[in-house]
Amino acid sequence: MDVPSITVPQADPGAAYRAQQDAIDAAVGRVLASGWYILGGEGAAFEREYAAWMEQKRAIGCANGTDALMLILRGLGIGPGMTVATVSHTAVATVAAIEMVGATPLLLDIDPDTYTMDPDELVAVLEDPPPGLPPIRAVIPVHLYGHPCDLRPMVVACRAAGVAVIEDCAQAHGALLEGGRVGRFGDAAAFSLYPTKNLGALGDAGVLTTDDEALAERIAAIRQYGWKQRYLSDTVGVNSRLDEMQAAILRVRLPLLEAANARRRAIAAAYDAALAGGPIAAPSCRPGVEHVYHQYVVRSPDREALAARLRARGIATAVHYPAAVHQQLAYFGRIALGPAACAETELAAREVLSLPIYPELTDEQVETVCAALRAEAR
Ligand SMILES: *Cc1c(COP(=O)(O)O)cnc(C)c1O
């Protein structure tokens, strides 16, 4: 059988570079000529600009999104003998960061409509922690696919229990909850700047934000060997710095982010319309939130067949994620689950399918996808 060539890739970071090539080449050229390549003026300017955009006192650049989570946990003093609750339906990085600091993960189930942490289960485990686990000291809600979590009840419950809230915003730069950007509701927020994220570098990068100056100072030291002063480690740190070329590229892209998110929403609206009346439900969006569609995720009990029909029309898809974290070999059988036993999570892992959605999709590519979705709806 002939395999048709892909005309609509699932992601296309090269297209994003080509769209901004002159500005990015100029920014990289400026760094190359400067003779200063790590933690310099570009990084400091990006941190100021990102903090201002987030309306938070501080932003700290680092090597990647996993490290951003790890640095926040370290800065908050979370480590061995403490439990951190999060979800199993997430990038494995969320759980990896918890184990990087020696803490114990507890994985909760999701609300199947929004794929984000079930607030009722969180409230239940805070009131009645699972036996045999160290005390819960932090919670990491993940704004998965660009849809904000139902944070309000979670933050209220965590504050009452003296538990820190760390928002995993790796897929949700610019998403709005109650009119405010996600990342402003907890104690600190972690962002990946991986090339395909809503705000992406052209290599690895990450950033974290907080309104807590003392926490920011501790994290700034941990990021570079525990230094406050060069060559003098006051605390035990790591090396997780943001390089100047990535910072300069991110400064080109940050002012374009709102327009890029608006383009993602427009593409999502076109897909929603094409699916209307058919058997495949459009992704839901809780009232009062603004989704930024890092991924446009549909469900099908026969996902492989749906993916094959789309592929036959030149459309590539992906699965985020084919196995929940607790189902993966590295974690299987040794990670604590909440009372819901991640039942909705396991069902989602079998059914989710991510369609292509990124700002550089052409109108023609969007129409190719819409035509395929209309064919599914007939
Ligand atoms: C991408 C991602 C991360 C990790 O970011 P890296 O930059 O790849 O380390 C963490 N959490 C979520 C939800 C992600 O999507």
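As annotated in an unreviewed UniProt entry, the protein chain carries the name DegT/DnrJ/EryC1/StrS family aminotransferase and comes from Teichococcus vastitatis. On record in UniProt, under Sequence similarities (unreviewed entry), the comment for the protein chain is "Belongs to the DegT/DnrJ/EryC1 family."

Draft legend 1. Representation of the pattern of salt bridges in the model. One pass over the full model with this rule turns up 17 salt bridges. Residue Glu99 is joined to Arg334 by a salt bridge in which the shortest nitrogen-to-oxygen separation is 2.9 Å. Taken together, the residues Glu99 in helix H5 (residues 92-100) and Arg334 in the loop between helix H11 (303-312) and strand S16 (336-337) connect sequence positions 235 residues apart. Taking the relative accessible area as the measure of exposure, Glu99 reaches 28% and is therefore partly exposed. On the accessibility criterion, Arg334 (46% relative accessible area) is partly exposed.

Draft legend 2. Highlighting the packing of aromatic side chains. Applying the stated criterion across every chain, the model contains 8 aromatic pairs. Each ring, one from Tyr50 and one from Phe191, has its centre 5.2 Å from the other, and the planes form 80°; the classification is edge-to-face. Taken together, the positions of Tyr50 in helix H3 (residues 41-54) and Phe191 in strand S10 (residues 188-192) put the pair 141 residues apart, joining distant regions of the chain. Phe191 gets classed as buried once you look at its relative accessible area, which sits at 0%. With 6.0 Å between their ring centres and 25° between their planes, Tyr293 and Tyr296 make a pair best called stacked.

Draft legend 3. Geometry of the sheet that holds strand S8 (residues 176-177). The sheet built from 3 strands is open, its strands ordered S9-S8-S14 with antiparallel pairing. In this open sheet, the two edge strands, each paired with only one partner strand, are strand S9 (180-181) and strand S14 (289-290). In the sheet, S8 pairs with S9 via 2 bridges, with the strands oriented antiparallel. Counterpart to Leu176 in the pairing with S9 is Arg181.

Draft legend 4. Spatial organisation of the site of the ligand. Neighbouring the ligand are 13 residues; Gly65, Thr66, Gln171, Ser192 and Lys197 lie closest to it. Contacts to the ligand include Thr66, whose side-chain N or O atom sits 2.5 Å from an oxygen atom. Ser192 places a polar side-chain atom, nitrogen or oxygen, 2.6 Å from an oxygen atom of the ligand. Considered on its own, the ligand offers 380 Å² of accessible surface; in the complex 89% of this is hidden by protein. Counting residues per element, the ones that place at least two in the shell around the ligand are helix H4 (65-75) and H5. Tallied by class, residues from the shell around the ligand come to 4 nonpolar, 7 polar and 2 charged.

How each quantity is defined
- Residues numbered from 1 in each chain as written.
- Predicted model: local features only at pLDDT ≥ 70, side-chain atom pairs only at ≥ 80, totals over all residues.
- Heavy atoms only, no water.
- UniProt positions renumbered as here; feature names shortened; annotations may be inferred.
- Salt bridge = Lys/Arg side-chain N within 4 Å of Asp/Glu carboxyl O.
- Helix = DSSP H or I, 4+ residues; strand = E, 2+ residues; numbered from the N terminus.
- Buried < 20%, exposed > 50% of the residue type's maximum accessible area, 1.4 Å probe, protein only.
- Phe/Tyr/Trp six-rings, centres within 6.5 Å; stacked < 30°, edge-to-face > 60°.
- Pairing = 2+ DSSP bridges.
- Near = heavy atom within 4 Å.
- Polar contact = N/O pair within 3.5 Å; in protein donor to acceptor, adjacent residues only side chain to side chain.
- Areas by Shrake-Rupley, 256 points an atom, 1.4 Å probe, with all protein chains shown as cover.
- Nonpolar A, V, L, I, M, F, W, Y, C, P; charged D, E, K, R; others polar.

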